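So you can see what is in the structure, the chains are spelled out below.
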Amino acid sequence: MKYVPDNEYLLNDVKIKSDQTDLEKDKLYLFVRQRENTRILGFFKFHLWMYNLSRPDSKENWLKRTGEPPQIYNQVLADQSTEQLLTYLHNKGYYHARVEVNSHINERSRKIDLKYSIRTGEQFRIDKVTQLIEDSVIRNLYDREYIPKHFRTGAPLDMELLDIERDSIIRFMKNRGFYHFSKPMLFIEADTVNKIRKGDLTLFIRLPEANKKDSNRIYSPYNIEHFYFNILKSGTTSSSFDTINFPRHTFVYPGNLYFRPNLFLRMNKMLQSSHYSLGNAEHTFEALNRLRQFRFINIYFQEKMADADTSLLNCFIDLSPLNKQAVSFDLEGTNTSGNLGVAGNLTYSHRNLFHGAEILNMKVKGAMERQQALMGGQSLDFNTRELGV
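Rules behind the numbers
Residues numbered from 1 in each chain as written. Predicted model: local features only at pLDDT ≥ 70, side-chain atom pairs only at ≥ 80, totals over all residues. Heavy atoms only, no water. Helix = DSSP H or I, 4+ residues; strand = E, 2+ residues; numbered from the N terminus. Pairing = 2+ DSSP bridges. Axes fitted to C-alpha atoms, helices over the stretch in contact; angles between N-to-C directions. Contact = heavy atoms within 4.5 Å. 1 Å grid on protein atoms, 1.4 Å probe; cavity = no way out; pocket = protein on both sides within 12 Å on 5 of 7 lines; lining within 4 Å. Points joined across faces, edges and corners; volume = space filled by probe spheres on them. Nonpolar A, V, L, I, M, F, W, Y, C, P; charged D, E, K, R; others polar.

1. Examining unusual backbone geometry
Phase 1 of the analysis: Unusually for a residue other than glycine, N7 sits at a positive phi of about 65°.
Phase 2 of the analysis: Take N7: it is sitting in the segment before β1 (10-18).
Phase 3 of the analysis: Unlike most non-glycine residues, R110 shows phi in positive territory, near 55°.
Phase 4 of the analysis: With respect to the secondary-structure elements, R110 resides in the loop between β2 (98-106) and β3 (111-119).

2. As for the sheet that holds strand β4 (residues 125-133)
Phase 1 of the analysis: If you walk across this open sheet you meet the three strands as β4-β6-β5, and the pairing is mixed. The open sheet has two free edges, formed respectively by β4 and β5 (186-191), since each of these has just one partner strand. Neighbouring strand axes in the sheet, compared pairwise and without regard to direction, differ in orientation by 20° on average.
Phase 2 of the analysis: Examined bridge by bridge, β5 and strand β6 (residues 198-205) share six bridges and lie antiparallel to one another. Note that in β6 the partner of D191 across the bridge is D200.
Phase 3 of the analysis: Its contacts with the sheet put helix α5 (residues 136-145) on β4 and β6, and the angle it makes with β4 is roughly 145°.
Phase 4 of the analysis: Its contacts with the sheet put helix α6 (residues 159-174) on β4, β5 and β6, and the angle it makes with β5 is roughly 150°.

3. Some remarks on the sheet that holds β3
Phase 1 of the analysis: Spatial strand order, β1-β3-β2: three strands in an open sheet with mixed pairing. Of all the strands in the sheet, just β1 and β2 have a single pairing partner and so form its edges. Sheet twist, expressed as the average angle between the axes of neighbouring strands with direction ignored, equals 15°.
Phase 2 of the analysis: Taken together, the eight bridges between β1 and β3 define a ladder with parallel strand orientation.

4. A closer look at the layout of surface pockets
Where empty space is left can be seen by rolling a probe of water-molecule size over the atoms.
Phase 1 of the analysis: Approximately 400 Å³ is the volume attributed to the largest pocket.
Phase 2 of the analysis: Taken together, 19 residues line the largest pocket, and the ones lying closest to its centre are L232, K233, Y258, P321 and L322.
Phase 3 of the analysis: Its residues assigned to classes, the lining of the largest pocket comprises eight nonpolar, seven polar and four charged.
Phase 4 of the analysis: Within this model, the second largest pocket holds a volume of roughly 220 Å³.
Phase 5 of the analysis: In terms of lining residues, the second largest pocket is bounded by Q20, D22, L23, E24, K27, Y88, K92, Y94, Q123, P156, D158 and L161.
Phase 6 of the analysis: Counted by class, the lining of the second largest pocket contains five nonpolar, two polar and five charged residues.

Shown next, in the form of structure tokens:
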């Protein structure tokens, strides 16, 4: 223990024991500020062993760079770990949880083992649910169509699940045209005062004071007016682009458009609804990505500001195509029952063969192997060749 100072201890082992099996151990360990040195195969602290092989008077060498310095037990970090575990348990709805840390010291080896013992108590549940939504359109849409999963009576009072519910509400609104609907507009308040293992929840949907002046724009559903497909290519300038116009679509490309425009019309899932939908935008990205034609895909929106009273968006889709053709060659040695040989593969790929994102892959394989045969008691050597497509 040459790297452990006097009156200090090497942190040998850290364990967490909980009376609640539903808690994920991996998540609990994330809140422990100090862990023991890394183990290999679950028992051997190889990196610490490497570090201990180095000389104390050497400032830097490969043993220290490869190894890991010993974890010296720190009481402050242990206390902080206890506090963070308690905070996590409270956020999971265990408001009566207790965390105790017990230590076992081996004075002879100057090592210390820690065990965090967790008693969660009963998890709090949601009792009464209230929604305070300032905009009537949003309120009617929420009441009519949204089905909460975690924000309901009897569900666990788990802040992590409630945050997931917030994201679900935001996505729900964005899929129905509310382009500016965002997380700062939505927050949840929990009240557990004078409650026995229960809590009342209030959902607020309202604009921050700084955004009140934009309430008409933020609370309006948006429609997509036009789509711009920008086929990018390195080395081109803005003056070298041509355009093709279709109803609600414009294709901007350099030189020649090697894709049929109808291909992009089929891939555009945002045409399935008249309003803006985040989900349809994601489906469009996935459809374009499945074509395996582009190294870069970017979809973004801009408000059309020509008329202040209209809620319209323009959608821009930037596409950077991969190289149309590719050739690769690999060579390998073979050994079949002691018969040596050589084999090679020539692979040819063509993307967008008929301008509809078709992919052609061809592989030509050749092999030659020297073999032996016994004829009339004599050994004869001969070569075999193999060719395939």
